[in-house]
Amino acid sequence: MLFRSVAATAKTLPRTLNTISRRTYVEAVENALKLQFSLPHETLYSGSKVNQVNLPAQSGKMGILANHVPTIEQLSPGVVEILEEGSNTAKKYFISGGFATVQPNSVLSITAAEAFPLESFSQDNIRKLLTEAKGKLSDSDAVVAAEAAITVEVLEQLEAATK
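Residues numbered from 1 in each chain as written. Predicted model: local features only at pLDDT ≥ 70, side-chain atom pairs only at ≥ 80, totals over all residues. Heavy atoms only, no water.

Regarding the nonpolar core
Counting 22 residues, the largest nonpolar core has L35, F37, V53, L55, I82, L108 and I110 as its most contacted members. Looking at this core, the element that brings in the most residues is strand β2 (residues 42-57), giving five residues. Sequence-distant contacts of I82, defined by excluding residues within four places in its chain, comprise L35, F37, Y45, V50, Q52, V53, T89, A90, K91 and Y93. Counting residues in each nonpolar core, the second largest holds nine residues, with F94, A133, V152 and L155 among its members. (Core = buried A, V, L, I, M, F, W, Y, C linked by side-chain atoms within 4.5 Å. Buried < 20%, exposed > 50% of the residue type's maximum accessible area, 1.4 Å probe, protein only. Helix = DSSP H or I, 4+ residues; strand = E, 2+ residues; numbered from the N terminus. Contact = heavy atoms within 4.5 Å.)

In structure tokens:
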């Protein structure tokens, strides 16, 4: 009796495993991701089809593909990397923070206060500004010290991204 039960289960197991293994990467990203990337003064992408977007989320770095689970993420200072359809190179923008929303219809909306192409930054200028900001961290004025702390956080992320 026990053998028949085990044999019946064993016969259905390959079908179950086969069903699970059929979901492939291509099927998971069958549709393109539509990107809306906006700043207060400019729209960088407006419904453009892209393959993938990598984000510096507060919860950690994350890659977004088509059919991603809907989510809202606060973005940290860091690099937004956009892999466009038909291109082998990624466009990289440094943002100081913002929000990203993934909607059920494969639409990713990124809203940031600032975004600049990563190649527009100079390592020497970053180091100089970082030294100045670190000097203000111990200022007796709490507002100046708090602004310096934010500046240091952003510049450290920028420095790491441009290496």
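Things to note about the pattern of salt bridges
Within the structure shown, the criterion is met by three salt bridges. The partner of D124 in a salt bridge is R127, and the shortest N-O contact between them spans 3.0 Å. A residue pair is termed a helical-turn pair when its members lie 3 or 4 positions apart in one helix, as D124 and R127 do in helix α3 (residues 123-135) at three residues. Between E156 and K134 there is a salt bridge, with its nearest N and O atoms 3.9 Å apart. (Salt bridge = Lys/Arg side-chain N within 4 Å of Asp/Glu carboxyl O.)

Topic: the confidence of the model for the protein chain
A residue-level look at the protein chain finds 82% of positions with pLDDT of 70 or above and a mean pLDDT of 83. When mean pLDDT is compared element by element in the protein chain, strand β8 (residues 107-112) scores highest at 96, while helix α2 (residues 25-28) scores lowest at 46. In the model, residues 16-29 has pLDDT below 50 throughout and makes eight contacts with residues more than four positions away in sequence or in other chains. (pLDDT = per-residue confidence, 0-100.)

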